[in-house]
Structure formats: C-alpha cells, structure tokens
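Read off the chains here:
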Amino acid sequence: GEDVEQSLFLSVREGDSSVINCTYTDSSSTYLYWYKQEPGAGLQLLTYIFSNMDMKQDQRLTVLLNKKDKHLSLRIADTQTGDSAIYFCAERDAGGSYIPTFGRGTSLIVHP
Amino acid sequence: EAGVAQSPRYKIIEKRQSVAFWCNPISGHATLYWYQQILGQGPKLLIQFQNNGVVDDSQLPKDRFSAERLKGVDSTLKIQPAKLEDSAVYLCASSSLGNTIYFGEGSWLTVV
C-alpha cells in the first residue's frame with residue numbers, strides 16, 4: 001500500500017475553514033510537508049513541521065501532527081478561491097538519502 | 001533568490017522519439033532530484049544526485065531513461081525512445097543537504 005495517504009477531494013465554501021488530512025506509515029519520519037500545486041504549475045512548498053512538534057501556525061495555515069496515530073492535517077482559515085489547488089502531503093525520514101514520499105494529493109475546490 | 005529553472009515547459013513528441021529536459025537548481029544546492037508526476041498522482045522520484053554522483057536511481061527505467069549532472073550543477077533527463085505512458089510532468093527539485101526541497105515548475109510531456 002501507499003506510504004502516504006490522502007483523501008482525493010475536498011469542497012468548501014469561500015470564507016469557511018478547510019481541513020486536509022494525511023496519514024503516513026513511516027514511524028521514522030522526521031519532516032512532514034505540505035505542498036500546493038496550482039493548475040499547470042510546479043509544487044510550491046507551503047509549510048513543514050518537524051516530528052518533534054505537534055503544531056505549527058503560519059498566518060492562515062495551521063499544521064497539526066499526531067505522531068502516535070501518524071496523522072497530519074493542514075487547516076486553511078478563511079479559505080479563498082485562490083486556495084483552489086491540489087495539496088500534497090509528503091514525509092521524509094532522517095536516514096539515507098532524505099527522499100520525500102508524496103501522497104496522491106487532495107484537490108481543494110473553493111466555491112463562492 | 002532564483003528558483004529551480006526547467007526547460008522546455010511543454011513538449012509534444014511522437015512515440016519512439018526522444019526528448020531531453022534541462023534543469024538548473026537553486027545556487028548552492030548540492031542535491032538535485034528528478035520526479036515524474038503522472039496526471040492524478042503524486043510525484044514519484046526517478047533519480048537523486050548529490051553533487052555529480054547518483055544517490056538513488058532505483059525507480060528510473062534505465063532501458064529508456066537516462067540522467068546526468070556532469071559538473072554538479074545543471075542536469076539533463078533524457079527519454080529515448082518515448083512511450084505513450086511517459087506522458088507526465090517531469091519535475092526537477094533541489095535542496096541543500098538535509099533541508100527543504102524546492103521544485104521547479106515542471107516540464108510537461110505529451111507522447112502521441
């Protein structure tokens with residue numbers, strides 16, 4: 001099975017909060033990332049969290065990490081139409097070659 | 001700081017033809033990655049370089065794909081001969097050792 005799993009779609013109304021969830025299997029993960037991909041564009045790093053943290057806030061973005069359950073979430077407050085994109089969760093361990101593993105991405109659709 | 005540069009942005013070729021993609025990483029980044037992103041999926045690592053040496057190419061289809069980073073800076077990824085299933089976005093990324101990975105905008109390949 002996949003090492004990183006995400007739900008494929010999320011639809012929210014403009015102004016509401018969005019919560020995108022991710023689960024991972026590698027217990028040695030040290031870095032967990034959220035990337036955003038807009039149509040026709042590459043991946044833009046949104047935020048990341050170290051595994052020794054359980055929360056990180058950056059303006060409208062809040063990342064929550066539950067290491068016990070290997071669950072990561074990204075909350076976007078006051079979601080705007082410009083937030084419509086695909087959001088990828090990725091995890092990386094500290095050993096070996098530092099290669100991150102990506103989920104399949106969650107398509108966030110924001111409607112007026 | 002300039003980002004990861006890739007070219008060409010778009011390429012359409014017929015099956016069995018060849019194609020080459022070029023990447024210029026962020027200045028000073030020793031690690032360079034090539035990812036393949038098929039529509040609807042997350043990025044999959046093809047090859048990772050540390051300076052001009054290959055760290056991991058276990059998922060590179062070596063019968064048709066090749067990559068090089070001769071002087072430890074720019075890199076090229078070549079596909080010869082291309083198959084229909086190679087239609088994807090080829091993402092180049094770079095990082096300094098152990099740190100966050102930054103992606104280029106990708107090279108979109110369509111094989112017809």
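My aim in this report is to walk through the structure given alongside it, one point at a time. The structure presented is a predicted model; accordingly, all values stated were derived computationally and were not measured. (Residues numbered from 1 in each chain as written. Chains lettered and ligands numbered in written order. Predicted model: local features only at pLDDT ≥ 70, side-chain atom pairs only at ≥ 80, totals over all residues. Heavy atoms only, no water.)

## Some points on the interface of chain B and chain A
Moving on, step 1. Between chain B and chain A, the contact holds 24 residues from the first and 19 residues from the second.
Moving on, step 2. Together chain B and chain A conceal approximately 1600 Å² of surface at their shared face, both sides included; 57% is due to carbon and sulfur atoms.
Moving on, step 3. Inspection of the chain B/chain A interface yields zero salt bridges.
Moving on, step 4. At the boundary of chain B and chain A, one finds five residue pairs in polar contact (both at pLDDT 80 or more).
Moving on, step 5. Of all the elements in the fold, those that place two or more residues in the side of chain B that touches chain A are β4 (31-37), β5 (44-50), β6 (53-56) and β10 (102-103) of chain B.
Moving on, step 6. Classifying every residue of the side of chain B that touches chain A by side-chain character gives twelve nonpolar, nine polar and three charged. (Contact = heavy atoms within 4.5 Å. Buried area = accessible area lost by both parts, 1.4 Å probe. Salt bridge = Lys/Arg side-chain N within 4 Å of Asp/Glu carboxyl O. Polar contact = N/O pair within 3.5 Å; in protein donor to acceptor, adjacent residues only side chain to side chain. Helix = DSSP H or I, 4+ residues; strand = E, 2+ residues; numbered from the N terminus. Nonpolar A, V, L, I, M, F, W, Y, C, P; charged D, E, K, R; others polar.)

## Structural notes on the packing of aromatic side chains
Moving on, step 1. Evaluation of the coordinates by the stated rule reveals 15 aromatic pairs over all chains.
Moving on, step 2. Judged by centre distance (5.6 Å) and plane angle (85°), the ring pair of Phe102(A) and Tyr35(B) falls under edge-to-face. Taken as a pair, Phe102(A) in strand β10 (residues 101-102) and Tyr35(B) in strand β4 lie in two separate chains rather than in one. Across the pair, Tyr35(B) and Phe102(A) agree in class, each one buried.
Moving on, step 3. Look at Tyr33(B) and Tyr35(B): their rings are 6.2 Å apart centre to centre, the planes differ by 35°, and that puts the pair in the tilted class. For the pair formed by Tyr33(B) and Tyr35(B), the shared burial category is buried. (Phe/Tyr/Trp six-rings, centres within 6.5 Å; stacked < 30°, edge-to-face > 60°. Buried < 20%, exposed > 50% of the residue type's maximum accessible area, 1.4 Å probe, protein only.)

## Things to note about the sheet that holds strand β3 (residues 19-24) of chain B
Residues and elements named next belong to chain B.
Moving on, step 1. Ordered by their spatial adjacency, four strands build an open sheet running β1-β3-β8-β7, and the pairing between neighbours is antiparallel. At either end of the open sheet lies a strand with only one pairing partner, and these are β1 (5-7) and β7 (65-68). Averaged over neighbouring strand pairs, the angle between their axes works out to 15° when direction is ignored.
Moving on, step 2. With four bridges connecting them, β7 and strand β8 (residues 75-79) associate as antiparallel partners. (Pairing = 2+ DSSP bridges. Axes fitted to C-alpha atoms, helices over the stretch in contact; angles between N-to-C directions.)

## Considerations on the sheet that holds strand β1 (residues 4-6) of chain A
All names here are of chain A.
Moving on, step 1. The strand order β1-β3-β8-β7-β6 describes an open sheet built from five strands, whose pairing is antiparallel. Strands with a single pairing partner mark the edges of an open sheet, and in this sheet they are β1 and β6 (55-58). Adjacent strand axes in the sheet meet at a mean angle of 15°, parallel and antiparallel pairs treated alike.
Moving on, step 2. Relative to strand β7 (residues 61-66), β6 runs antiparallel, the two being bridged by four bridges. Residue Met-55 lies in a different strand from β7, and its bridge partner there is Leu-64.

## Thoughts on the state of the cysteines
All names here are of chain A.
Moving on, step 1. Applying the stated criterion across every chain, the model contains two disulfides over all chains.
Moving on, step 2. There is a disulfide in this structure between Cys-22 and Cys-89, and the S-S distance comes to 2.0 Å. Linking Cys-22 and Cys-89, the disulfide has an S-S dihedral of approximately -65° and is accordingly described as left-handed. One end of the pair, Cys-22, is in strand β3 (residues 18-24); the other, Cys-89, is in strand β9 (residues 85-93), with 67 residues separating them in the sequence. (Disulfide = S-S within 2.5 Å.)

## As for the side chain of Thr62(A)
Residues and elements named next belong to chain A.
Moving on, step 1. Relative to the helices and strands, Thr-62 resides in strand β7.
Moving on, step 2. For Thr-62, a relative accessible area of 10% translates into the label buried.
Moving on, step 3. In contact with Thr-62, not counting residues within four places along its chain, are Met-55, Lys-56, Gln-57, Ser-73, Leu-74 and Arg-75.

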